[in-house]
Amino acid sequence: MKKLPSHIIDFHDNARRAIDDHSLRRSMRHATGTFRQKRSDAIAGIPFQEWRQAASELRRMVVDDLKGYVDEFAVNATRRGAIVHRVKNAEDARNLVGDILKDNHAKSIVKSKSMVTEEIHLNKHLEDLGLRVIETDLGEYIIQIAGETPSHIIVPAIHKSREQIGQLFREKLGCDLSNDPTVLTNTAREILRQEFLSADAAISGANCFIADTGSVVLFTNEGNGRMVTTLPPLHIVVTSIEKALPSIKDLPLLMRLLPRSATGQTLTSYLSIITGPREPGATTGAKRLHIVLLDNGRSEIANGPYREILKCIKCGACMNVCPVYGIVGGHAYGSTYPGPMGVILSALLNGMEETHRLLDATTLCGACAEVCPVKVPLLKLLYELREMRVDKGYVKTAEALGMTGFGIAAHNVNIFRTGQVSARALWPLAGFLSPITVNRLPKPVNRTFRRRMS
Ligand code: SF4
């Protein structure tokens, strides 16, 4: 098979490998099914559509004046004693975080989950600088010791069975083999506790930041977020700019919708609102607080036709209902963000050349748009990006000609009928086409619907 240039995501190849992995498929089926069920239970009996509409309007308001809210946040966070940095791209963000750590003589760093730091490949950069970085969310810790990347934005180790995790812990941590989640969690907890206590610095993401108070907000379930943001003397928050919320009064809406959509919980277990560094006499918060606001193409997206993707609150619900994601898992997407929102964000952040094959990772069934708690029009955006792919010439000539021919035939009944007869006659030759093309073509039936009805 022809090798693609390394920067192009070969979704087809990745998906084929994932489909052959029976253990992966079993884990994905179980996990996504569980989250779908929990989400349905969590939204039953509440005015979900009303909240959803309000959240959609709120998030649209933010995207409409992204610069304004980020400016307001920067002023208020600075007033409260945080050092705010605004960075254009991934490289600047990596270098900045490395410099802050160097200036503070930090050698060991504890992290709480942040997809933005995955987006900018921060861990690798810090490790190349000789620093020790430990992920502290259990899922992130698991994939870190496995040497993998997250395969879900909320549940990074969703693709692993408890047997695989038990085996991994035995190999990497030298503990006794166990498949019991409590035993495994306690093993990780013991190790991580020492890391919290000895770390020189912490890095976290943010679920949102609040413009009118200058606060950063973290939702966590394991309590590690609090350890990370309080125990080490230095805390660096790395977040992308679209996570702004106008006011602290908007937070309850997000608190209701995000955990319900993400994990089916009515509320997250721990909520941390960090406003400035630790004040004299206070018992929580880091002594020094840096906040890195990453743009990385978002200002441009906010001014363009796909701006509504920035409403996304990163709950992962669209992944859990996507029939493609549910089979192949997140790694097949070969990009930081998987699933329906991931396809869109990846195409916009990384460009069509790198990601055009990813646009096949959807059936256009629309389930993702149905569940989205902030009404991101995922189906519409996916469809429009597919159109853009055709306009930019990223489809094979045969496919483009075939679709053009189908478009003409669909407008003319005689041509359509002739086409049906020819398709039936020529179907035995379809085996000469690529398997992907054949799989995407419906097999012509002997008696068409029109003939049955006539
Ligand atoms: S697009 Fe919607 S459903 Fe998907 S992660 Fe974002 S907010 Fe959640």
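The structure contained in this document is the topic of the report that follows. Model, not experiment: these values are computed from the prediction. (Residues numbered from 1 in each chain as written. Predicted model: local features only at pLDDT ≥ 70, side-chain atom pairs only at ≥ 80, totals over all residues. Heavy atoms only, no water.)

### Quick look at the overall build of the protein chain
A count of helical and extended segments in the protein chain gives 23 helices and 10 strands. What you see for the protein chain is a C-alpha radius of gyration of 24 Å, in line with the 22 Å of a compact globule of 454 residues. When its C-alpha atoms are laid out on the principal axes, the protein chain stretches across 85 × 55 × 50 Å. Buried residues in the protein chain amount to 50% of all 454 residues. Relative to all contacts within the protein chain whose residues are 6 or more apart in sequence, the contacts with residues 24 or more apart total 76%. Looking at the protein chain as shown, the accessible area adds up to about 22,200 Å², and 54% of this sits on carbon and sulfur atoms. (Helix = DSSP H or I, 4+ residues; strand = E, 2+ residues; numbered from the N terminus. Rg over C-alpha atoms; globule rule 2.2 N^0.38 Å. Buried < 20%, exposed > 50% of the residue type's maximum accessible area, 1.4 Å probe, protein only. Contact = heavy atoms within 4.5 Å. Areas by Shrake-Rupley, 256 points an atom, 1.4 Å probe, with all protein chains shown as cover.)

### What to know about the site of the ligand
The local shell around the ligand consists of C312, I313, K314, C315, G316, A317, C318, M341, C372, P373, V374 and L378. When atoms are counted within 2 Å of each cavity's grid points, the one that captures over half of the ligand is the largest cavity. The residue makeup of the shell around the ligand, split by class, is 10 nonpolar, 1 polar and 1 charged. (Near = heavy atom within 4 Å. 1 Å grid on protein atoms, 1.4 Å probe; cavity = no way out; pocket = protein on both sides within 12 Å on 5 of 7 lines; lining within 4 Å. Sits in = over half its atoms within 2 Å of the grid points. Nonpolar A, V, L, I, M, F, W, Y, C, P; charged D, E, K, R; others polar.)

### Remarks on unusual backbone geometry
Unusually for a residue other than glycine, H121 sits at a positive phi of about 55 degrees. In this fold, H121 is placed in the loop between helix 6 (115-119) and helix 7 (122-128). The backbone of K375 shows a phi angle near 55 degrees, a positive value even though the residue is not glycine. By the secondary structure assignment, K375 is in the loop between helix 18 (367-371) and helix 19 (378-391).

### Comments concerning the pairing of strand 10 (residues 288-294)
In terms of burial, strand 10 is largely enclosed, as 6 of its 7 residues are buried. Here strand 1 (residues 83-87) runs beside strand 10; their pairing, made up of 5 bridges, is parallel. Pairing of V84 across the sheet is with I291, part of strand 10. (Pairing = 2+ DSSP bridges.)

### Comments concerning the side chain of E195
Its location among the elements puts E195 in helix 10 (residues 181-198). Exposure remark for E195: the relative accessible area of 12% places this residue in the buried category. If sequence neighbours within four positions are ignored, E195 has contacts with V110, R132 and I134.

### Points about the sheet that holds strand 6 (residues 215-220)
Reading across the sheet, the 4 strands line up as 8-5-6-9 and stay open at both edges, with mixed pairing between neighbours. Whereas interior strands pair on both sides, the edge strands pair on one side only; in this sheet they are strand 8 (244-245) and strand 9 (270-274). Of the strand pairs in this sheet, strand 6 and strand 9 are connected by 5 bridges, and their pairing is antiparallel. Paired with V216 across the bridge in strand 9 is I274. In this fold helix 4 (residues 66-79) packs onto strand 5 (208-210), strand 6 and strand 8, with an angle of close to 70 degrees to the strand it touches most, strand 5. Packing against the sheet, helix 12 (residues 251-263) makes contact with strand 5, strand 6, strand 8 and strand 9, and its axis sits at approximately 20 degrees to strand 6. (Axes fitted to C-alpha atoms, helices over the stretch in contact; angles between N-to-C directions.)

### Regarding the packing of helix 2 (residues 22-43) against helix 12
Between helix 2 and helix 12, the least distance of the axes is 6 Å, while the angle of their chain directions is 145 degrees. Contacts between helix 2 and helix 12 pair F35, K38, R39, A42 and I43 from the former with R260, S261, A262 and T263 from the latter. Taken together, the residues of the contact of helix 2 with helix 12 sort by class into 4 nonpolar, 2 polar and 3 charged.

### What about the packing of helix 9 (residues 162-173) against helix 10?
When two helices pack together, you describe them by how their axes are tilted relative to each other and by the distance separating the axes. Across the interface, helix 9 lies against helix 10 with an axial gap of 10 Å and an inter-helix angle of 35 degrees. Handedness of the helix 9/helix 10 crossing: left-handed. Mapping the contact onto sequence places R162, I165, G166, F169 and L173 in helix 9 and P181, L184, T187, A188 and I191 in helix 10. Class assignment of the residues belonging to the contact of helix 9 with helix 10 gives a composition of 7 nonpolar, 2 polar and 1 charged. (Left-handed = near helix turned anticlockwise from the far one by under 90°.)

### Section: the sheet that holds strand 4 (residues 201-204)
The 6 strands are arranged 1-10-7-4-2-3 in an open sheet whose pairing can be described as parallel. Two strands in the sheet have a free side with no partner beyond their single neighbour: strand 1 and strand 3 (132-135). Going from strand to strand, the sheet's axes swing by 20 degrees on average, the running direction of each strand aside. Two strands pair when backbone bridges link them, and strand 4 and strand 7 (residues 234-240) are joined in this way by 4 bridges, in the parallel orientation. Counted as the bridge partner of S204 is V237 from strand 7. Across the sheet, helix 5 (residues 90-103) is in contact with strand 1, strand 2 (108-111), strand 4, strand 7 and strand 10; its angle to strand 7 comes to roughly 175 degrees. Its contacts with the sheet put helix 10 on strand 2 and strand 3, and the angle it makes with strand 3 is roughly 130 degrees.

### Observations concerning helix 9
Taking 1.5 Å of rise per residue, 12 residues should cover 16 Å, and helix 9 covers 15 Å from first to last C-alpha, within 8% of that figure. Within the span of helix 9, buried status applies to I165, G166, L168 and F169. One face of helix 9 carries all of its buried residues, which in axial projection span an arc of 165 degrees. In the stretch just after helix 9, G174 is the one whose phi turns positive, near 70 degrees. (Expected span 1.5 Å × (residues − 1). Arc of directions from axis to C-beta.)

### Section: the nonpolar core
Across soluble globular proteins, nonpolar side chains have a tendency to be buried as a group. By size, the foremost hydrophobic cluster in this structure holds 106 residues, and its most contacted members are L101, I309 and M341. Not counting the four nearest positions on each side in its chain, M341 is found in contact with I153, I309, C312, K314, C318, M319 and L378. In terms of nonpolar packing, the next biggest core, distinct from the first, is built from 18 residues, L168, C175, L184 and A188 among them. (Core = buried A, V, L, I, M, F, W, Y, C linked by side-chain atoms within 4.5 Å.)

Note that all results are geometric; they support no functional claim without further evidence.
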